[in-house]
Amino acid sequence: MNRTALLIPHFNNPEGLAASLASVGAHEQIDAFIVDDGSDRQRVDEVACAKAWQATGKLYFIYLPHNQGIEHALNTGLQTILEAGYEYIARLDCDDLCAPDRFTKQTAFLDDHPDVYLLGSAVTFFDASGDRFTINQPQTHDEIMRQMHDDNAFTHPTVMFRATGVKALGLYPTDCKAAEDFAYFWRFVARYQTANLAEVLTRSEYNDAGISMSRRRQQQAMRIKLLWRYFDYSPRSLLKISKASLSFALPVSFTRKIKRLLGMEKWD
């Protein structure tokens, strides 16, 4: 068994799953856990997955009887990985692609920084036309804390957790639909040191039909809920909740233009 486990939820996307597995570098020492969330149209192709997987590690497949939502799939995978005794847990979504040495670099950073319990990186978003834009997340914990009072400081397919932190904090919350990652990352930020690497270690599919786009209003409502949950009575918190409320009322195209102007997204 390797020290690190990769958790990938799957739902009706075997081609994307195979592409994600194929992106993991051949020298990476990592096992992968694929949790199928009750796919009803396109089941996992284990043969194709085995052909795509070149890393030094094993593939494990978990099948849920019916679709319950991504947070339940993630929690099933996390619980299985914790029980198996892994030290680190990385995340990836189907269709998202890793730099060939992503996990080696993240594991080395966590080895060198034992106080850090959640680690992400910069990310480039792509679609059928090619790379579209890069998000450079804040790198230090203080910068991350400031951004979390505004928006998620981690892009979920880039993260790696320290398993001891997952054991202490519990699994993904199930009361924050479409914002379960933001809610879960807040738990880490509130208790532990966290960081982001400046390097782009993941390329993530940009899909207007994805949860972040198709369920934007629900996600924004959950974001406001979480900002209230971690409200610290400072002028900053009040400002950020006001900003989130304004964003809730504005179209996504407008808010993306603002982010690009502020340098939060760099378009290629």
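- Under an unreviewed UniProt entry, the name given to the protein chain is Glycosyltransferase, and the organism recorded is Iodobacter ciconiae.
- Among the UniProt annotations of the protein chain, the heading Sequence similarities (unreviewed entry) holds the following wording: "Belongs to the glycosyltransferase 2 family."

### Examining the pattern of salt bridges
- Using the criterion set out here, one finds eight salt bridges in the structure.
- Here Asp127 makes a salt bridge to Arg132, at a shortest N to O gap of 3.2 Å.
- On the accessibility criterion, Arg132 (22% relative accessible area) is partly exposed.
- What emerges from the salt-bridge pattern is a single network uniting Arg3, Glu87 and Asp111.

### Here's the deal with the nonpolar core
- Ile89, Met148, Phe154, Phe161, Val166, Phe185 and Phe188 are the most contacted members of the largest nonpolar core, which has 32 residues in total.
- Residue contributions to this core peak at six residues, all from helix α7 (residues 180-191).
- Residue contacts for Phe154: discarding those within four places in its chain leaves Leu118, Gly120, Gln137, Ile144, Val159, Phe185, Val189, Thr194, Ala195 and Asn196.
- If you look at the next biggest cluster of nonpolar residues, it comprises 30 residues, including Ala18, Ala90, Met160 and Ala195.

### Notes on the packing of aromatic side chains
- Considering all chains together, one arrives at twelve aromatic pairs under this definition.
- When the centroid spacing of 5.0 Å and the interplanar angle of 25° are considered together, the rings of Phe125 and Phe133 count as stacked.
- Residue Phe133 is classed as buried on the basis of its relative accessible area, which comes to 1%.
- Note on Tyr184 and Phe188: the rings are 5.3 Å apart at their centroids and 90° apart in plane angle, and the pair reads as edge-to-face. Within this pair, Tyr184 and its partner Phe188 are both found in helix α7, separated by four residues, close to a single helical turn.

### Observations regarding the packing of helix α5 (residues 141-148) against α7
- Remark: α5 packs on α7, axes separated minimally by 11 Å, with the N-to-C direction vectors making an angle of 140°. In this view, α5 runs oblique relative to α7, as classed from their interaxial angle. Seen from above, α5 lies across α7 with left-handed handedness. Across from His141, Ile144, Met145 and Met148 in α5, the residues of α7 making contact are Phe182, Phe185, Trp186 and Val189.
- Classifying every residue of the contact of α5 with α7 by side-chain character gives seven nonpolar, one polar and no charged.

Parameters and conventions
- Residues numbered from 1 in each chain as written.
- Predicted model: local features only at pLDDT ≥ 70, side-chain atom pairs only at ≥ 80, totals over all residues.
- Heavy atoms only, no water.
- UniProt positions renumbered as here; feature names shortened; annotations may be inferred.
- Salt bridge = Lys/Arg side-chain N within 4 Å of Asp/Glu carboxyl O.
- Buried < 20%, exposed > 50% of the residue type's maximum accessible area, 1.4 Å probe, protein only.
- Core = buried A, V, L, I, M, F, W, Y, C linked by side-chain atoms within 4.5 Å.
- Helix = DSSP H or I, 4+ residues; strand = E, 2+ residues; numbered from the N terminus.
- Contact = heavy atoms within 4.5 Å.
- Phe/Tyr/Trp six-rings, centres within 6.5 Å; stacked < 30°, edge-to-face > 60°.
- Axes fitted to C-alpha atoms, helices over the stretch in contact; angles between N-to-C directions.
- Parallel < 35°, antiparallel > 145°, perpendicular 65-115°, else oblique.
- Left-handed = near helix turned anticlockwise from the far one by under 90°.
- Nonpolar A, V, L, I, M, F, W, Y, C, P; charged D, E, K, R; others polar.

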